[in-house]
Amino acid sequence: MRITQGAFSFLPDLTDDQIRAQVQYCIDNGWAVSLEFTDDPHPRNTYWDMWGHPMFDNPDAAALMFELAECRKVYGDRYIRVVAFDATHGWESVKLSFIVNRPPDEPGFQLERHERGGRMMGYTTRSYASDRPAGQRYS
Amino acid sequence: MSATALAEEANSVPTSVDLRAEYEASGVGEVLAELDRDLIGLAPVKKRIRETAALLLVERARRSMGLAHETPTLHMSFTGNPGTGKTTVALRMADLLHRLGYIRKGHLVSVTRDDLVGQYIGHTAPKTKEVLKRAMGGVLFIDEAYYLYRPENERDYGQEAIEILLQVMENQRDDLVVILAGYAARMERFFESNPGFRSRIAHHIDFPDYDDPELLQIGVKMLEKQNYRLDEEAEAAMRDYISRRRQQPHFANARSIRNALDRARLRQANRLFETASGPLDADELSTIRAEDIRASRVFDAAAAGS
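Residues numbered from 1 in each chain as written. Chains lettered and ligands numbered in written order. Predicted model: local features only at pLDDT ≥ 70, side-chain atom pairs only at ≥ 80, totals over all residues.

**Student:** Help me get a handle on the sheet that holds strand E5 (residues 203-207) of chain B, residues and values and all.
**Tutor:** Residues and elements named next belong to chain B. Spatial ordering of the open sheet is given by E2-E3-E4-E1-E5, a layout of 5 strands whose pairing is parallel. At either end of the open sheet lies a strand with only one pairing partner, and these are strand E2 (108-111) and E5. Taken over all neighbouring pairs, the strand axes of this sheet differ in orientation by 20° on average, direction set aside. By the bridge criterion, 4 bridges tie E2 to strand E3 (residues 139-143) in an arrangement that is parallel. (Pairing = 2+ DSSP bridges. Helix = DSSP H or I, 4+ residues; strand = E, 2+ residues; numbered from the N terminus. Axes fitted to C-alpha atoms, helices over the stretch in contact; angles between N-to-C directions.)

**Student:** Which residues make up the sheet that holds strand E2 (residues 49-55) of chain A, and what are the values?
**Tutor:** Residues and elements named next belong to chain A. Spatial ordering of the open sheet is given by E2-E1-E3-E4, a layout of 4 strands whose pairing is antiparallel. With partners counted over all chains shown, the strands left at the sheet margins are E2 and strand E4 (93-101), one partner each. Put simply, the sheet's adjacent strands are angled 20° from each other on average, direction ignored. By the bridge criterion, 7 bridges tie strand E1 (residues 32-38) to strand E3 (residues 79-86) in an arrangement that is antiparallel. Across the sheet, Leu 35 pairs through a bridge with Val 82, a residue of E3. The sheet contacts of helix H2 (residues 62-75) involve E1, E2, E3 and E4, and relative to E1 the element is tilted by about 10°. (Contact = placed C-beta atoms within 7 Å.)

**Student:** I'd love a proper account of the packing of helix H7 (residues 124-135) of chain B against helix H8 (residues 158-171) of chain B, names of residues and values included.
**Tutor:** All names here are of chain B. At a minimum axis distance of 9 Å, the contact between H7 and H8 shows a crossing angle of 40°. In this structure, the crossing between H7 and H8 has a hand that is right-handed. Residues Thr 124, Ala 125, Thr 128, Lys 129 and Leu 132 of H7 touch H8, and the partners they reach there are Glu 160, Ala 161, Ile 164, Leu 165 and Val 168. (Left-handed = near helix turned anticlockwise from the far one by under 90°.)

If you want it as structure tokens, here you go:
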């Protein structure tokens, strides 16, 4: 099951040129771009691992594309996303984030039902990928 | 259908190129004119830049006609004594390359050994990469590049920075242009011990020293920018100063002149403060007199020596 998180995730995967154009758009807006990766695809997992530092003073998208290539070499089998952070006073938050790399095989989620007292039902989603320990999930 | 596709193909590749029009449209003329106007002397440098600009313009035209595909090697080395305008020309070069579309942003990142080489194992690579990333889309200007290579210490981390630099210079020619700068003799030795650099650098530009009238002109120009002027005697004093300063050690061409003028301004302010009794007019505030320049140590040394 294809994970849909962040912007553009209902579109076909972006090509490198498209990623570059989006990143350049972020930089031209004065946002600091950075890369994050994870192998836990749960939608509530907001804290991904950082790849390097946010790039506050790189005027060109080539720098991020360079790091993306490096990151793919190491974590090509995981999810990688671009995060664009707006440091403007009053915002100080992520303005745009989108997935730029995903595992070749995404097993999807199981819906777990918990029967509770009084015929109440609780629902949980659990990724099949997270059955295995972190670091071995998509290899 | 295939006929229309063919026709479109033919349309997209121009059959002739008007170089004059390209020249006008790219704004290269403006940069070159600015270069001529703002930089005094440096005739051989200007000539080389003109030639380089022409080459790049033709290359671009060839590319638009499908005759050339590879990005030409644009890495350069600027050699010359201190204060001969290497950094200034690098700035203009970045602008020029940007206007010709060879680099995307046209900014200049100026670094020295300290910015590239780390202090302990594993520190150098991230540091160098950080700088390279900052320079992508623009020009990386490495001042006194020969300090990167220290043959006397084989464990020096400079070698690591050189390797990363070479790799990026080769593989990411579209993304950044590297300009190495430094004294001619030491650069020569640096290239000898790092043949990888020599083969990756296409343009070697040599910056000659300025002669005395040129230096005076530069000084006058610097002052003009700050709304100061030299009176006639001061100009004579300045001429005298330049010829004496040249004989002394650590002479750094235009930089020495700038420092001398900064000190002259200091003395002028002091003189005005101590001698002025009434209100001063703008003319008085912006005139540097001979005594402000003659008070320099350069004249003492010359007097003591003779």
